[in-house]
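# A closer look at the structure
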Amino acid sequence: MRSLEQHVDVGAYALGVLDEAEAFRFEDHLMECPRCAAQVTEFGPATRQLMLYRRATPRSVHPFAGPGPRLLDKLLDQVAVRRRAVRRRILYGLAASVVVALAGPALMMTVGGRGAEEAVASAEVRIAATDAKSGVWAQVTAADKAWGADIELQVKDGAGPRSCHLVIVGRDGSEETATGWMMPDHDARPTTMRGGTAMHTDDVAFYDVRSNGKTLVRIPAGG
């Protein structure tokens, strides 16, 4: 993979559309490219909004409503042009515009259910674990919402730098990547990230902190 292609792939990696081999090569690139590592973090809000759209869209919606390659290219182009001015605020707005363009009737349905969303209990689940082999400690705090769960992750890992991500594995075997980050160089202080998942806490089997396809620490969900 050429260097230019690796820089372009930052959006595709953050949105989870790279295949396993491409994602593995890109994670190697992240180890040596602070710019791409920062951009992966900035794509977090857009990734989460697309995930929430998938959760809110009923099965009856025609498949043409799904985002295609041309939409992804357009999203990446807009991010590249606008990020210099107001990075984080623009990304939130861009994510919202993508959802509005795609969801259509599905969004009208969810607006009507605002009261139901507010009525959902937001009980927090806080669990932690340390891996004896890697020495990595992680704590997950999850709060149920109508659309899934808010996730806060704290990690202590003194073996950086390395690219990591939090993978949430459901009881049905499905997987979702909630967030990704670049672990600092030999820094054992806690690093905090935020993300989200379409799964509710009762649907989760365990939380994995992974790097280059290897599990650094696994946190069983319990229950």
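As shown above, the structure is provided for reference.
Residues numbered from 1 in each chain as written. Predicted model: local features only at pLDDT ≥ 70, side-chain atom pairs only at ≥ 80, totals over all residues. Heavy atoms only, no water.

Here we take up the overall build of the chain. The helix and strand inventory of the chain stands at 9 helices and 8 strands. For the chain, the residues scored as buried account for 43% of the 223 residues in total. In the chain, the proportion of contacts linking residues at least 24 apart, taken out of those at least 6 apart, comes to 59%. Total accessible area on the chain is roughly 12500 Å²; 54% of this is exposed by carbon and sulfur atoms. (Helix = DSSP H or I, 4+ residues; strand = E, 2+ residues; numbered from the N terminus. Buried < 20%, exposed > 50% of the residue type's maximum accessible area, 1.4 Å probe, protein only. Contact = heavy atoms within 4.5 Å. Areas by Shrake-Rupley, 256 points an atom, 1.4 Å probe, with all protein chains shown as cover.)

What follows is about the sheet that holds strand S5 (residues 175-183). As summarised here, the arrangement of the 4 strands in space is S5-S4-S7-S8, forming an open sheet in which the pairing is antiparallel. A single partner strand is all that each edge strand has here, and the edge strands are S5 and strand S8 (214-220). Each strand axis lies, on average, 20 degrees off the axis of its neighbour in the sheet, ignoring direction. In terms of strand pairing, strand S4 (residues 162-170) meets strand S7 (residues 204-211) through 6 bridges, oriented antiparallel. Along S7, the bridge assignment pairs Ile-168 with Tyr-207. (Pairing = 2+ DSSP bridges. Axes fitted to C-alpha atoms, helices over the stretch in contact; angles between N-to-C directions.)

Glancing now at the environment of Glu-175. When you line up the elements, Glu-175 lands in strand S5. Sequence-wise, Glu-175 and Thr-197 are 22 residues apart; in three dimensions their C-alpha atoms are separated by 9.8 Å. With residues up to four places along the chain from it excluded, the contact list for Glu-175 reads Val-167, Ile-168, Val-169, Met-199 and Arg-210. Within polar-contact distance, the side chain of Glu-175 engages the side chain of Arg-210 at 3.3 Å. (Polar contact = N/O pair within 3.5 Å; in protein donor to acceptor, adjacent residues only side chain to side chain.)

This part is about the pattern of salt bridges. Counted under the stated rule, the structure contains 7 salt bridges. Note that Arg-210 and Asp-208 form a salt bridge whose closest N and O atoms lie 3.1 Å from each other. Judged by relative accessible area, which is 14%, Arg-210 ranks as buried. A salt bridge links Asp-208 to Arg-218, with the nearest nitrogen and oxygen atoms 2.8 Å apart. (Salt bridge = Lys/Arg side-chain N within 4 Å of Asp/Glu carboxyl O.)

Moving on, we come to the nonpolar core. Within soluble globular proteins, side chains that are nonpolar tend to cluster in buried spots. Core analysis: the largest hydrophobic core is formed by 25 residues, its most contacted members being Leu-153, Val-155, Leu-166, Trp-181, Tyr-207 and Val-209. Listed by contribution, the elements that provide at least two residues to this core are strand S1 (124-130), strand S2 (137-144), strand S3 (149-157), S4, S5, S7 and S8. Among all residues touching Val-209, those that are not within four sequence positions of it are Ala-138, Leu-153, Val-155, His-165, Leu-166, Trp-181, Lys-214, Thr-215, Leu-216 and Val-217. By size, the runner-up hydrophobic cluster in this structure holds 13 residues, among which are Ala-12, Phe-26, Leu-30 and Cys-36. (Core = buried A, V, L, I, M, F, W, Y, C linked by side-chain atoms within 4.5 Å.)

Keep in mind these numbers describe shape, not what the thing actually does.
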